[in-house]
Amino acid sequence: MNRRVNIHGAGKDFEKHSGIRAFSLEFELILELFYSGPMNSGEIVKRINASQASFSSISRNLRQQGVIVSTPGDVDRRMVIYALSDETRNFLSRYAIAHD
């Protein structure tokens, strides 16, 4: 079963909750992590069609705000894995719609 987010409701409320504009590159990154789970920067950059420089700036800001977290990779400790914080995942899960 796949999960999707009621994008209108989630976007509006997420803006109020976090101050991050919905339908921005930041929100696109957040939704990609919600849909796909943790991943490295190379995967994220490809999926959201951003430059590495944009991603670096966005991810730094989102980490400082506590929206995402980063950890060293299991196999290669030099690789950084990004994921949603528990608070962000829980917030978006309220808007998740299960479907096949």
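The following paragraphs examine the structure supplied in this document. Each chain carries its own residue numbering, running from 1 in the direction its sequence is written. Where local features are concerned, this predicted model is filtered to residues with pLDDT of at least 70; where side-chain atom pairs are given and counted, the filter is 80 or more; whole-chain, interface and lining totals use all residues. Processing note: side-chain calculations cover all non-hydrogen atoms of the structure and skip hydrogens and water entirely.

Turning our attention to the packing of helix 2 (residues 25-36) against helix 5 (residues 86-93). In the contact formed by helix 2 and helix 5, the axes pass within 11 Å of each other and the chain directions differ by 80°. Compared by their axis directions, helix 2 and helix 5 come out roughly perpendicular. Residues Ile30, Leu31, Leu33 and Phe34 of helix 2 pack against Thr88, Arg89, Leu92 and Ser93 of helix 5. To get an axis, fit a line to the C-alpha atoms, keeping to the stretch in contact for a helix; angles then go from 0 to 180 degrees between the N-to-C directions. Helix numbering and strand numbering both begin at the N terminus, where a helix is a DSSP run of H or I of at least 4 residues and a strand a DSSP run of E of at least 2. What sets the label is the angle itself: under 35 degrees gives roughly parallel, over 145 gives roughly antiparallel, 65 to 115 gives roughly perpendicular, and the rest give oblique. Contacts are assigned to residue pairs that have any heavy atoms within 4.5 Å of one another.

Quick look at the sheet that holds strand 3 (residues 68-72) now. In this scheme, strands are said to pair when DSSP sees at least two bridges between them. A sheet is described by the order of its strands in space; here three strands give the open sequence 2-4-3, paired in antiparallel fashion. At either margin of the open sheet sits one strand with a lone partner, and together these are strand 2 (39-40) and strand 3. Of the strand pairs in this sheet, strand 2 and strand 4 (residues 80-84) are connected by two bridges, and their pairing is antiparallel. Within the sheet, the bridge partner assigned to Asn40 lies in strand 4 and is Ile81. Strands strand 3 and strand 4 of the sheet are contacted by helix 4 (residues 52-64), whose axis makes an angle of about 110° with strand 3.

Before going further, it helps to examine the pattern of salt bridges. Salt bridges are identified by distance alone: a Lys or Arg side-chain nitrogen within 4 Å of an Asp or Glu carboxyl oxygen. The tally for this structure, following the rule as stated, stands at one salt bridge. Across the salt bridge formed by Glu32 and Arg47, the nearest N and O atoms sit 3.0 Å from each other. Of this pair, Glu32 sits in helix 2 while Arg47 sits in helix 3 (residues 41-48), placing them 15 residues apart in sequence.

Counting residues in hydrophobic clusters, the biggest one holds 25 residues, and the most contacted among them are Leu29 and Leu92. Mapped by element, the contributors of at least two residues to this core are helix 1 (7-18), helix 2, helix 3, helix 4, strand 4 and helix 5. Sort the elements by how many residues they give to this core and helix 2 lands first, with six residues. Not counting chain neighbours up to four residues away, the residues in contact with Leu29 comprise Ile44, Ile48, Phe55, Ile58, Leu62 and Ile68. Buried Ala, Val, Leu, Ile, Met, Phe, Trp, Tyr and Cys residues that are joined via side-chain atoms within 4.5 Å together make up what is termed a nonpolar core. Burial status follows relative accessibility: with a 1.4 Å probe on protein chains alone, a residue under 20% of its type maximum counts as buried, one over 50% as exposed, and anything between as partly exposed.

Each turn of an α-helix holds 3.6 residues, which means side chains three or four residues apart point in the same direction. For a helix, the expected span equals 1.5 Å multiplied by the number of residues minus one. Taking 1.5 Å of rise per residue, the 13 residues of helix 4 would be expected to cover 18 Å, and the 18 Å separating its terminal C-alpha atoms lies within 8% of that figure. For helix 4, the complete set of buried residues consists of Phe55, Ile58, Ser59 and Leu62. Looking down the long axis of helix 4, one finds its buried residues gathered within 100° of arc, a one-sided arrangement. Residues of helix 4 that are exposed and angled more than 90 degrees away from the buried face: Ala53 and Gln64. Buried residues in helix 4 make contact with helix 2, helix 3, strand 3 and strand 4. One or two steps after helix 4, the chain reaches Gly66, where phi turns positive at roughly 80°. The arc refers to the directions leading from the helix axis to the C-beta atoms.

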